[in-house]
Amino acid sequence: MKIWTSEHIFNHPWETVVQAAWRKYPNPMNTAVIGTDVVERDIKDGVLHSHRIVSSQWHFPKWVEKIIGVPKVVYASERSTVDAEGRQMTLKTTNVTFGTFLSVDEVLQYAPHPKDSSKTLLKQQATVSVEGVPLCRYMEDALTKNISFNANRGRQGLEWVINKINTEVKEIDHLLTQTKKSLDGITDTARKSMDELSASTQKIHF
């Protein structure tokens, strides 16, 4: 069994990072993930509970593929909780494909940075276990290295989504500003027309 851990700080508030985490796929940095499907979603005691199936394409070294074979699409089960009041998000993912001899359990925790609430701290842990096939330890090492590589890409992907969200917010703000200006212009024109009509009416003598 191999255990891999990591921490990363996002220079964005927790609310922004969590929103991006929900919209993480698809993104150009994580092309291996090809789909996410919501199986169940519920709110209990103010905490959002979700269960999703994640579809992806795993890329192993050729020697690993010869031992276990790799289907075109592999599946994982992701269960998450989001506590908006406590500002905590936890995602727990485990593989469904290869489940008889391979176990990859991953936990991601997003929380405000303890020393700077304008930033978000991500704690990540993955446990890899391979049993019942040749070269178990070598396969565990290869999978752990792959997880570390993909984790870096995942953070880049999250930054990409955050940038996309910020761009959308700016575009919406710009649209609202332009709409307000247009409405103000229409209102001013209508008020001017009403004033002119009122002035004209006062000039009429019966």
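Placed above this text is the structure.
Notes on the structure follow. Everything numeric in this text was worked out from a predicted model, so none of it was measured.

Moving on, we get to the overall build of the protein chain. Across its full length, the protein chain holds 3 helices and 7 strands. Along the protein chain, helices (α) and strands (β) appear in the sequence β-α-β-β-α-β-β-β-β-α when read from the amino end. Taken across its 206 residues, the protein chain has 33% of its residues classed as buried. Counting contacts in the protein chain only where the partners sit at least 6 residues apart, residues at least 24 apart contribute 55% of the total. Counting only carbon and sulfur atoms, one obtains 55% of the accessible surface of the protein chain, whose full area is about 13200 Å².

Any aromatic ring pair is given by two values, namely how distant the centres are and how the planes are angled relative to each other. All told, the structure shown has 1 aromatic pair when counted by the stated rule. On the numbers, 5.8 Å between centres and 55° between planes, the contact of Phe98 with Phe101 is tilted. Using a relative accessible area of 17% as the deciding quantity, one classes Phe101 as buried. Looking at Arg41, its charged tip hangs above the ring of Trp22, at a distance of 4.9 Å from the centre.

Rules used throughout
- Residues numbered from 1 in each chain as written.
- Predicted model: local features only at pLDDT ≥ 70, side-chain atom pairs only at ≥ 80, totals over all residues.
- Heavy atoms only, no water.
- Helix = DSSP H or I, 4+ residues; strand = E, 2+ residues; numbered from the N terminus.
- Buried < 20%, exposed > 50% of the residue type's maximum accessible area, 1.4 Å probe, protein only.
- Contact = heavy atoms within 4.5 Å.
- Areas by Shrake-Rupley, 256 points an atom, 1.4 Å probe, with all protein chains shown as cover.
- Phe/Tyr/Trp six-rings, centres within 6.5 Å; stacked < 30°, edge-to-face > 60°.
- Lys NZ or Arg CZ within 6 Å of the ring centre and 35° of its normal.

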